[in-house]
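Commentary on secondary and tertiary structure
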Amino acid sequence: MDKQTYTPPKVWQMNTDATDEKNGGKFAGTNRPTAGARHEQTLPVGDKPLQLYSLNTPNGIKVNILLEELAECGVQEAEYDAYKIDIMAGDQFGSDFVDINPNSKIPALVDYSVNPPVTLFESGAILLYLAEKFAKFVPMDQGQARATCLSWVMWQMGSAPYVGGGFGHFYAYAPYPMEYPINRFTMETKRQLDVLDKHLATHEYMCSPEHKQGEEYYTIADMIIWAWYGQLALGKLYNASEFLDVASYQHLQRWAKQIAERPAVQRAVELELQAITG
Ligand SMILES: N[C@@H](CCC(=O)N[C@@H](CS)C(=O)NCC(=O)O)C(=O)O
């Protein structure tokens, strides 16, 4: 194992040399320790009730899935225009986008069917808002079913950063392999995969009652978790299926494949996003 070679200074300063191996990870060009708009950028607004500003990353795909499932159910009020926010080009720091999401991350949504329009950021908030607005894919009555759904939705929001910002970053994006963080975040990612695998051994969907089959139990919890852990299990993220031995999580595999077969999910993954300029 590497010996410690870095002594933190008294006050941290940003290393601005993106070619430097200490700062040269995949996102070195856009990351800064400050928030707020970096340039003026007007966002287009189409004629559909919902305007989505996003990208087909796992966090973006969650919203695509729900919107496409609502379309599958024929909910016309959930029609939407979808625009591409290119995060490698820095579109998330444009002024209109930052007005919608001061945190400068996709996905963001504006609901123009209400006056004044409602703005949303954070994928979990967007999914809950839409599911509740149309009373679909979330149990609406107070009680165990709703509590279970909210619990898994929040579990995903709290857990996936260890996979994306932790495991994925150090395994796939860091400028060179580092054993300590890879071990730490691989351990946690595999623990989370096992949480899901054990749950899905006796639950068809995330919120199904134990040993009870039925599509009516498919909820936003499945959508939000599939976008990260379903795709990870199916080998779609970080080229890491062998390293994580994803094939060994058999129940997770069964569920991930079942959801991947849904037409709405297939459309969501391939969703075409319109350019924000020109
Ligand atoms: N907790 C947020 C995370 C969103 C997020 O991390 N989005 C990433 C892409 S998947 C992003 O926009 N990154 C741009 C950046 O960090 O500058 C959510 O679930 O909406």
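Bear in mind the structure is a predicted one, so any value in this text is a computation, not a measurement.

Regarding the overall build of the protein chain
A tally of helices and strands in the protein chain yields 9 helices and 4 strands. Here the protein chain has a C-alpha radius of gyration of 20 Å; the compact-globule value for 278 residues is 19 Å, and the two agree. With respect to the principal axes defined by its C-alpha atoms, the protein chain has extents near 55 × 45 × 30 Å. Expressed as a percentage of its 278 residues, the buried residues of the protein chain come to 33%. For the protein chain, the proportion of contacts with a sequence separation of at least 24, taken over those separated by at least 6, is 68%.

Here we look at the pairing of strand β1 (residues 50-54)
Taken across its 5 residues, β1 has 5 buried, putting it largely inside the fold. Covered by surrounding structure in β1 are Leu-50, Leu-52 and Ser-54 together with Gln-51 and Tyr-53, the residues of both alternating faces. Bridge count between β1 and strand β2 (residues 80-84): 5 bridges; the pairing is parallel. What sits directly across from Leu-50, in β2, is Tyr-80. Once the chain exits β1 it traverses helix α1 (residues 58-72) before rejoining the sheet at β2, and the crossover so formed is right-handed. Note that β1 and strand β3 (residues 108-111) share 4 bridges and pair antiparallel. Across the sheet, Leu-50 pairs through a bridge with Asp-111, a residue of β3.

What about unusual backbone geometry?
With an omega dihedral of 0 degrees, the bond running from Ile-106 to Pro-107 counts as a cis peptide bond. Turning to its location among the elements, Pro-107 is positioned in the loop between α2 (95-100) and β3. Following Asn-115, the chain continues to Pro-116 via a peptide bond in cis, the omega torsion being 0 degrees. Even without being a glycine, Tyr-238 presents a positive backbone phi close to 65 degrees. Its location among the elements puts Tyr-238 in the loop between α6 (220-233) and α7 (241-244). Overall, the presence of 19 C-beta atoms within 10 Å leaves Tyr-238 in the partly exposed class. Even without being a glycine, Asp-245 presents a positive backbone phi close to 50 degrees.

Concerning the sheet that holds β2
Taken in spatial order, the 4 strands make up an open sheet running β2-β1-β3-β4, and their pairing is mixed. The open sheet has two free edges, formed respectively by β2 and β4 (118-121), since each of these has just one partner strand. If you compare each strand with its neighbour and ignore which way they point, the axes differ by 15 degrees on average. In this structure, β3 lies alongside β4, joined through 4 bridges in antiparallel fashion. Pairing of Ala-108 across the sheet is with Phe-121, part of β4.

Quick look at the packing of helix α3 (residues 123-133) against α6
Two quantities define a packed helix pair, namely the angle between the axes and the distance from one axis to the other. It is at 11 Å that the axes of α3 and α6 come closest, and there the two elements cross at 155 degrees. When the axis of α3 is compared with that of α6, the two are roughly antiparallel. Considering only the axes of α3 and α6, their crossing is right-handed. Between α3 and α6, the residues in contact are Ser-123, Gly-124, Leu-127, Leu-128 and Ala-131 and Ile-220, Met-223 and Ile-224, respectively. Of the residues assigned to the contact of α3 with α6, the class counts are 6 nonpolar, 2 polar and no charged.

Concerning the nonpolar core
Counting residues in each nonpolar core, the largest one holds 66 residues, and the members touching the most others are Leu-66, Leu-127, Ile-220, Ala-221, Ile-225, Tyr-229 and Leu-252. Ranked by the residues each element gives to this core, the list is headed by α6, at 11 residues. Every residue in contact with Leu-252, bar those within four places of it in the chain, is listed here: Leu-193, Leu-196, Asp-197, Leu-200, Tyr-229 and Ala-233.

Digging into the environment of Pro-107
Residue Pro-107 is classed as buried on the basis of its C-beta count, with 24 C-beta atoms lying within 10 Å. With 17 residues separating them in the primary sequence, Pro-107 and Gly-124 have C-alpha atoms 9.9 Å apart. Once residues lying within four places of it in the same chain are set aside, the contact partners of Pro-107 are Leu-52, Ser-54, Asn-59, Gly-60, Val-63, Ser-123 and Ile-126.

Some details on helix α5 (residues 179-200)
An α-helix turns once per 3.6 residues; consequently, residues spaced three or four apart project the same way. For α5, with 22 residues, the first-to-last C-alpha span of 31 Å sits near the 32 Å given by 1.5 Å per residue. Among all positions in α5, only Phe-185, Thr-189, Gln-192, Leu-193, Leu-196, Asp-197 and Leu-200 are buried. Viewed along the axis of α5, the buried residues span an arc of 140 degrees, placing them on a single side of the element. The exposed residues of α5 that point more than 90 degrees off its buried face are Glu-179, Tyr-180, Asn-183, Met-187 and Arg-191.

Calculation rules
Residues numbered from 1 in each chain as written. Predicted model: local features only at pLDDT ≥ 70, side-chain atom pairs only at ≥ 80, totals over all residues. Helix = DSSP H or I, 4+ residues; strand = E, 2+ residues; numbered from the N terminus. Rg over C-alpha atoms; globule rule 2.2 N^0.38 Å. Buried ≥ 20, exposed ≤ 12 C-beta atoms within 10 Å, placed from the backbone. Contact = placed C-beta atoms within 7 Å. Pairing = 2+ DSSP bridges. Right-handed = clockwise from strand over helix to strand, strands pointing away. Axes fitted to C-alpha atoms, helices over the stretch in contact; angles between N-to-C directions. Parallel < 35°, antiparallel > 145°, perpendicular 65-115°, else oblique. Left-handed = near helix turned anticlockwise from the far one by under 90°. Nonpolar A, V, L, I, M, F, W, Y, C, P; charged D, E, K, R; others polar. Core = buried A, V, L, I, M, F, W, Y, C linked by C-beta atoms within 7 Å. Expected span 1.5 Å × (residues − 1). Arc of directions from axis to C-beta.

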